[in-house]
Amino acid sequence: MATASHPSPLIERSVPWLFVFLWSTGYVAVKACVQYAPPFKLLLWRGGLSALVFLALALVCRVRFPTPRGMRQALLTGLLMQTLFLGGCFYAMSRGLPAAVTALITGLQPVLTALYVSTAQRQRLGWRAWLGIVVGFGGVYLVLAPGLQPGGLDGWAIMAACIALLAVTTGTLYQKQLPADGHVFASTFFQYVAVSVVMGLVCLFDHSAPVHWQGSFVFGLLWMVFGVSVTAVLLLIYLIKRGEATRVATYFYLVPVVTALLGWLLFGSSLSGTTLAGMVLAVLGMLLVLS
């Protein structure tokens, strides 16, 4: 009985790394797909398809839907975690920001959370946390500094990534203080409803280029839906339920590195020595904040 209820040690060790890989592919897939579709139209399709998948899961599994109050909370969470976060990432990469740099900027969420806790909630941070904050932002400066020169990275792209960082930080802080209300399948469905409605309204006034339905785009879109929005999210839920929440936070810091490697392998994207050094420092700073 005990053996049947617990996966093998190999599976237990593999799941976190599979999660990191899938989560990292999300950035790479977006970078590939924005070549065929404007960012907000791409997000509309991803949000709409993801909503349908989670609605189907909720109905087939007959899970409990949230109360009206829980629905409103899930919709607000979706505005922050899906609409502004993903929208900022999609827009940044559509304007040329590398996938690895986008992952690095948005991956600073725990550092920004630590600063908020220290200032707004007046919780004292240890010296390691402060050292991590300084090292982390120093690393990000090394990554972004070359692109801030004339002809470098697009300023609007950097601003969009920073908005995504603020959104995911605010959404995480908001979500943490919410009581459990309904099954995760149902609440995630409402989150994707939020992004679908907002992006649908945006696209009504978006007269940019149409979506080019080529094979590469369709594959990338389906990968974002089933590989990232569904599989990666379910793996994250599994890890948290197995008591891996702290380790998951640590694994997240490998996402920019894995994203950079995937970009190099799949698209031949190159990063300078300064950029790589900055990424290493940023990841080190994030780990210090958690320690």
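What counts, and where the lines are drawn
Residues numbered from 1 in each chain as written. Predicted model: local features only at pLDDT ≥ 70, side-chain atom pairs only at ≥ 80, totals over all residues. Heavy atoms only, no water. Helix = DSSP H or I, 4+ residues; strand = E, 2+ residues; numbered from the N terminus. Expected span 1.5 Å × (residues − 1). Buried < 20%, exposed > 50% of the residue type's maximum accessible area, 1.4 Å probe, protein only. Contact = heavy atoms within 4.5 Å. Polar contact = N/O pair within 3.5 Å; in protein donor to acceptor, adjacent residues only side chain to side chain. Core = buried A, V, L, I, M, F, W, Y, C linked by side-chain atoms within 4.5 Å. Axes fitted to C-alpha atoms, helices over the stretch in contact; angles between N-to-C directions. Parallel < 35°, antiparallel > 145°, perpendicular 65-115°, else oblique. Left-handed = near helix turned anticlockwise from the far one by under 90°. Nonpolar A, V, L, I, M, F, W, Y, C, P; charged D, E, K, R; others polar. Phe/Tyr/Trp six-rings, centres within 6.5 Å; stacked < 30°, edge-to-face > 60°. Arc of directions from axis to C-beta.

Novice: I'd like a description of helix 8 (residues 155-176), backed by residues and values.
Specialist: In an α-helix there are 3.6 residues to a turn, and that puts residues three or four apart on one side. With 22 residues, helix 8 ought to run about 32 Å at 1.5 Å a step, and its terminal C-alpha atoms sit 32 Å apart, in line with that. Among the residues making up helix 8, those that are buried are Ala157, Ile158, Ala160, Ala161, Ala164, Leu165, Ala167, Val168, Thr169, Gly171, Thr172 and Tyr174. Residues of helix 8 that are buried in the fold lie against helix 4 (68-94), helix 5 (99-106), helix 6 (109-119) and helix 7 (127-144). With a side-chain oxygen positioned 2.9 Å from the backbone nitrogen of tryptophan 156, the residue opening helix 8 is aspartate 154.

Novice: Quick rundown of the environment of glycine 107? Include the residues and the values.
Specialist: Residue position: glycine 107 is located in the loop between helix 5 and helix 6. Along the backbone, glycine 107 and valine 168 are 61 residues apart, and their C-alpha atoms lie at a distance of 9.3 Å. For glycine 107, the residues in contact, after removing those within four places along its chain, are Tyr253 and Met286.

Novice: Account for the nonpolar core, naming residues and giving values.
Specialist: Of all hydrophobic cores here, the largest spans 51 residues; its most connected members are Phe19, Tyr27, Leu42, Phe85, Phe90 and Met224. Mapped onto this core, the elements with two or more residues apiece are helix 2 (9-33), helix 3 (39-60), helix 4, helix 5, helix 8, helix 9 (184-204) and helix 10 (215-241). With 11 residues, the single largest contributor to this core is helix 10.

Novice: Go over the environment of alanine 92 with me, naming the residues and quoting the values.
Specialist: When you line up the elements, alanine 92 lands in helix 4. Spatially, the C-alpha atoms of alanine 92 and tryptophan 156 are 7.3 Å apart, while their sequence positions differ by 64 residues. Beyond its immediate sequence surroundings of up to four residues, alanine 92 is in contact with Leu97, Ala157, Ala160 and Ala161.

Novice: Lay out the packing of helix 2 against helix 5 with the relevant residues and their values.
Specialist: In the contact formed by helix 2 and helix 5, the axes pass within 9 Å of each other and the chain directions differ by 130 degrees. The orientation of helix 2 relative to helix 5 falls into the category oblique. Every pair of crossing elements has a handedness; the one defined by helix 2 and helix 5 is right-handed. Contacts between helix 2 and helix 5 involve Tyr27, Val28 and Lys31 from the former and Ala99, Thr102, Ala103 and Thr106 from the latter. In the contact of helix 2 with helix 5, the residues fall into 4 nonpolar, 2 polar and 1 charged.

Novice: Give me the lowdown on the packing of aromatic side chains, citing residues and values where you can.
Specialist: This model, assessed by the stated rule, comprises 10 aromatic pairs. Ring centres of phenylalanine 19 and tryptophan 23 lie 5.5 Å apart, and the angle between their planes is 40 degrees; on these two criteria the pair is classed as tilted. Of this pair, phenylalanine 19 and tryptophan 23 both sit in helix 2, 4 residues apart, which is roughly one turn of that helix. The same class applies to phenylalanine 19 and to tryptophan 23, which are both buried. Where tryptophan 213 meets phenylalanine 217, the ring centres are 5.1 Å apart and the plane angle is 85 degrees; that geometry is what we call edge-to-face. Accessibility expressed as a relative area gives 46% for tryptophan 213, which makes it partly exposed. Take phenylalanine 217: its relative accessible area is 0%, and that puts it in the buried class. Three or more aromatic residues joined by ring pairs form one cluster here, namely Tyr36, Trp45, Trp213 and Phe217.

Novice: Summarise helix 12 (residues 255-267); cite the residues concerned and give the values.
Specialist: Taking 1.5 Å per residue, 13 residues should reach 18 Å; helix 12 reaches 17 Å between its end C-alpha atoms and fits that length. Listing the buried residues of helix 12 in full gives Val255, Pro256, Thr259, Ala260, Leu262 and Gly263. Angularly, the buried residues of helix 12 cover 165 degrees about the axis, an arc narrow enough to put them on a single face. Those residues of helix 12 that are exposed and aimed more than 90 degrees away from the buried face are Trp264 and Leu265. The positive-phi residue at the C-terminal boundary of helix 12 is glycine 268, with phi of around 70 degrees.

Novice: Outline the packing of helix 4 against helix 5, supporting the account with residue identities and numerical values.
Specialist: One way to put it is that helix 4 packs onto helix 5 with a least axis distance of 10 Å and a crossing angle of 150 degrees. The orientation of helix 4 relative to helix 5 falls into the category roughly antiparallel. Between helix 4 and helix 5 lies a crossing whose hand is right-handed. Contacts between helix 4 and helix 5 pair Phe85, Cys89 and Met93 from the former with Ala99, Thr102 and Thr106 from the latter.

None of the figures reported here should be taken as evidence of function without further support.
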